[in-house]
Amino acid sequence: MVSKNFLFTSESVTEGHPDKVCDQISDAILDEFLTKSPSSRVAAETTVTTGMALVCGEITSDCYVDIPQIVRNTIKNIGYEGENGGGFDYKTCAVLTSIDEQSTDIAGGVNKALEARDTNASTSSDETENIGAGDQGIMFGYACNETPELMPLPISLAHKLSYRLSRVRKKGIVDYLRPDGKSQVTVEYVDGKPSRIHTVLISTQHDPVIGTESDNEKVQAIIEKDIKEHVIDYVFKKESIKPDENTVILVNPSGRFVIGGPQGDAGLTGRKIIVDTYGGYSRHGGGAFSGKDPTKVDRSAAYAARYVAKNVVASGLADKCEIELAYAIGVAEPVSILVDTFGTGKISDDNISDIVKETFDLKPVGIIKKFDLRGLPAKNGGKFYQKLAAYGHMGRTDIDVPWEQTDMADCIKQKAEKYTACV
């Protein structure tokens, strides 16, 4: 049994982190294809390194997309331009592509689910009506009442710090920063609840010379002062739990951080799946999101699982809720649904599971239609998934994300009455 008194740490990264650069490129490509042709099948993978970006994968669509131009625009918007790029520049980097069509074997199972094939059902005029899951796998969704957005506190704070770090760079508030950066927050829990901030860590790429200073120790002192004032203090002044006199504050603990981004480390799509979800506080099925169209349940079912878990917690039935979904490729219905409230449920987990099964349509077509996953890019000016590719796919409050709604909480509460009456 896990102790009720413990330290828990989560990290986030800025949009300039090399892995996040790749996630944003892959999702920018997805946005463009779905905007032009919502039925596009996309599995776009990106890798970046010094002076190069490579996009590969499988894409089937009836429209043309200028992938190299999307890559360059995305890199530019992140901030890798000229001297500010720290050795990586959107104009001069090589852009390579290697794209095939989706395998016909996979497409056959997705286009018409096993259930429809078994019953000899005719394919609906709506292409999505009988689709099966685009792959096998397990997906987890989680929610808890530690924050207003029903996310674990450590990842919520880490995202806010990384987002603010990027904002002060782009607004010129701290004008010597470069795009690459990370945050990390350690929260002390007492009796299973957040009690205090134990450690705050910020690492940020920067210019080699700040003002007139090039001495490493003097540069470090300037960075520490500015990051504490404009990032850490700014974020925590709005939080109910704040750093205290014993909180450890670390800014660039490795010292000089000039070489960063794709020049410092190679990046790859899907390598920040814990940052994208719950910061390690909940389990993860292992599947990444970015660059995948909604028929891939790695993405769509993870969103649905978050939606279900959040509505369960919002209904008041539990303080914490984790949902596991499992799928078989080419099969529409989940092969299993598991609810775990970690002992915080007002009714049994089995009862909550029954409510979930009768309330939510968790087939791929149901998820796609509920959230309009194919139409969201066009409805958001051609950019939706790319916005999710940095600072988390769950718990977002800065953009309108359909799986963050709690519109089913009252329905769940009503259906639970027949169980609570027996308690």
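Residues numbered from 1 in each chain as written. Predicted model: local features only at pLDDT ≥ 70, side-chain atom pairs only at ≥ 80, totals over all residues. Heavy atoms only, no water.

Student: Pulling in residues and values, what's your account of the overall build of the protein chain?
Tutor: The number of helices and strands found in the protein chain is 14 helices and 11 strands. In terms of C-alpha radius of gyration, the protein chain reaches 23 Å, essentially the compact-globule figure of 22 Å for 423 residues. C-alpha extents for the protein chain along the principal axes are approximately 75 × 55 × 35 Å. Residue pairs at least 24 apart in sequence account for 73% of intrachain contacts in the protein chain once pairs closer than 6 positions are excluded. Counting every atom, the protein chain has about 17700 Å² of accessible surface; 49% of that belongs to carbon and sulfur. Of the charged side chains in the protein chain, 48 are positive and 61 negative; the average position of the first set lies 3 Å away from that of the second. (Helix = DSSP H or I, 4+ residues; strand = E, 2+ residues; numbered from the N terminus. Rg over C-alpha atoms; globule rule 2.2 N^0.38 Å. Contact = heavy atoms within 4.5 Å. Areas by Shrake-Rupley, 256 points an atom, 1.4 Å probe, with all protein chains shown as cover. Lys, Arg positive; Asp, Glu negative; His and termini not counted. Charge placed at Lys NZ, Arg CZ, Asp CG, Glu CD.)

Student: Before we move on, can you summarise the pairing of strand β3 (residues 52-60) with the specific residues and values?
Tutor: Burial of β3 is one-sided: the residues Ala 53, Val 55, Gly 57 and Ile 59 facing one way are buried, the residues Met 52, Leu 54, Cys 56, Glu 58 and Thr 60 facing the other way are not. Bridge count between strand β2 (residues 41-49) and β3: 9 bridges; the pairing is antiparallel. Pairing of Ala 43 across the sheet is with Glu 58, part of β3. Linking β2 back to β3 in an antiparallel pair, the connection comprises 2 residues, with Gly 51 at a positive phi of about 75 degrees. Summarising the sheet, β3 and strand β4 (residues 94-100) pair through 7 bridges and their orientation is parallel. Looking at the pairing, Met 52 lines up with Ala 94 of β4. (Buried < 20%, exposed > 50% of the residue type's maximum accessible area, 1.4 Å probe, protein only. Pairing = 2+ DSSP bridges.)

Student: Give me the sheet that holds strand β1 (residues 6-13): which residues, what numbers.
Tutor: Taking strand neighbours across the sheet as the criterion, the 4 strands line up as β1-β6-β7-β8 in an open arrangement whose pairing is mixed. Strand pairing shows two members of the sheet lacking a second neighbour, β1 and β8 (243-251), which therefore form its edges. On average, adjacent strands in this sheet sit at an angle of 20 degrees to one another, irrespective of strand direction. In this structure, strand β7 (residues 193-206) lies alongside β8, joined through 5 bridges in parallel fashion. Bridged to Val 200 within β8 is Ile 249. Across the sheet, helix α5 (residues 153-170) lies against β1, β6 (177-190) and β7, angled at about 155 degrees from β6, the strand it touches most. (Axes fitted to C-alpha atoms, helices over the stretch in contact; angles between N-to-C directions.)

Student: Hey, could you go over the packing of α5 against helix α6 (residues 216-236) for me, with residue numbers and the actual values?
Tutor: If you want to describe how two helices pack, look at the angle between their axes and the distance between the axes. Running from N to C, α5 and α6 point in directions that differ by 140 degrees, and their axes come no closer than 9 Å. Our classification of the angle between α5 and α6 gives oblique. Every pair of crossing elements has a handedness; the one defined by α5 and α6 is right-handed. Of α6, the residues touching α5 (which contributes Leu 157, Lys 160, Leu 161, Arg 164, Leu 165 and Val 168) are Ile 227, His 230, Val 231, Ile 232, Tyr 234, Val 235 and Phe 236. Residues of the contact of α5 with α6, tallied by class, amount to 10 nonpolar, 1 polar and 2 charged. (Parallel < 35°, antiparallel > 145°, perpendicular 65-115°, else oblique. Left-handed = near helix turned anticlockwise from the far one by under 90°. Nonpolar A, V, L, I, M, F, W, Y, C, P; charged D, E, K, R; others polar.)

Student: So what about the environment of Gly 132? Which residues, and what values?
Tutor: Mapped onto the elements of the fold, Gly 132 is located in the loop between α4 (114-118) and β5 (137-144). Residue Gly 132 is classed as buried on the basis of its relative accessible area, which comes to 0%. Residues Gly 132 and Ser 214, spaced 82 residues apart in sequence, show a C-alpha to C-alpha distance of 59 Å.

Student: Provide a residue-level description of the packing of aromatic side chains, including the pertinent values.
Tutor: In this structure the tally under the stated criterion is 15 aromatic pairs. Pairing Tyr 307 with Phe 360 gives two aromatic rings, centres 5.7 Å apart and planes at 85 degrees, and the pair type is edge-to-face. Pair noted here: Tyr 307 is in helix α9 (residues 297-314) and Phe 360 is in the loop between α10 (349-359) and α11 (364-371), with a separation of 53 residues, a long-range link. Accessibility classification places Tyr 307 together with Phe 360 in one group, the buried group. For the pair Phe 371 and Trp 403, a centre-to-centre distance of 6.0 Å together with 70 degrees between the ring planes defines the contact as edge-to-face. Separated by 32 residues along the polypeptide, Phe 371 in helix α11 and Trp 403 in the loop between α13 (385-388) and α14 (409-420) bring together distant segments of the chain. Of the residues examined, Trp 403 reaches a relative accessible area of 0% and is grouped as buried. The ring of Tyr 234 is capped by Arg 164, whose NZ or CZ atom sits 3.5 Å from the centre of that ring. (Phe/Tyr/Trp six-rings, centres within 6.5 Å; stacked < 30°, edge-to-face > 60°. Lys NZ or Arg CZ within 6 Å of the ring centre and 35° of its normal.)

Student: Before we move on, could you go through the sheet that holds strand β10 (residues 320-327) and cite the residues and values that matter?
Tutor: A sheet is described by the order of its strands in space; here 3 strands give the open sequence β5-β10-β11, paired in antiparallel fashion. Only two strands of the sheet have a single neighbouring strand rather than two, namely β5 and β11 (336-340). Direction aside, the axes of adjacent strands within the sheet are offset by 15 degrees on average. Relative to β11, β10 is paired through 5 bridges, and the arrangement is antiparallel. In the sheet register, Glu 322 faces β11, and the bridge partner there is Asp 340.

Student: Outline the confidence of the model for the protein chain, supporting the account with residue identities and numerical values.
Tutor: As a general rule, the predicted coordinates of low-pLDDT regions are not to be interpreted in detail. Predicted confidence across the protein chain gives a mean pLDDT of 92, with 92% of residues reaching 70 or more. Segment residues 122-127 is flagged for pLDDT under 50; beyond a separation of four residues in sequence, or across chains, it makes 11 contacts in the model. (pLDDT = per-residue confidence, 0-100.)

Student: Tell me what's going on with the side chain of Lys 296, and back it up with residues and numbers.
Tutor: Here Lys 296 lies in the loop between α8 (273-276) and α9. Polar side-chain contacts of Lys 296 include one of 3.4 Å to the backbone oxygen of Val 42. Apart from residues lying up to four places away in sequence, Lys 296 is in contact with Arg 41, Val 42, Ala 43 and Gln 102. (Polar contact = N/O pair within 3.5 Å; in protein donor to acceptor, adjacent residues only side chain to side chain.)

Student: Tell me about a negative patch on the surface, and please be specific about residues and values.
Tutor: Residues Glu 45, Glu 58, Asp 100 and Glu 101 make up a contiguous surface patch of negative charge. Among the secondary structure elements, Glu 58 is positioned in strand β3. (Patch = residues over 30% accessible without salt bridge, like charges linked within 9 Å, V, L, I, M, F, W, Y side chains within 5 Å. Salt bridge = Lys/Arg side-chain N within 4 Å of Asp/Glu carboxyl O.)

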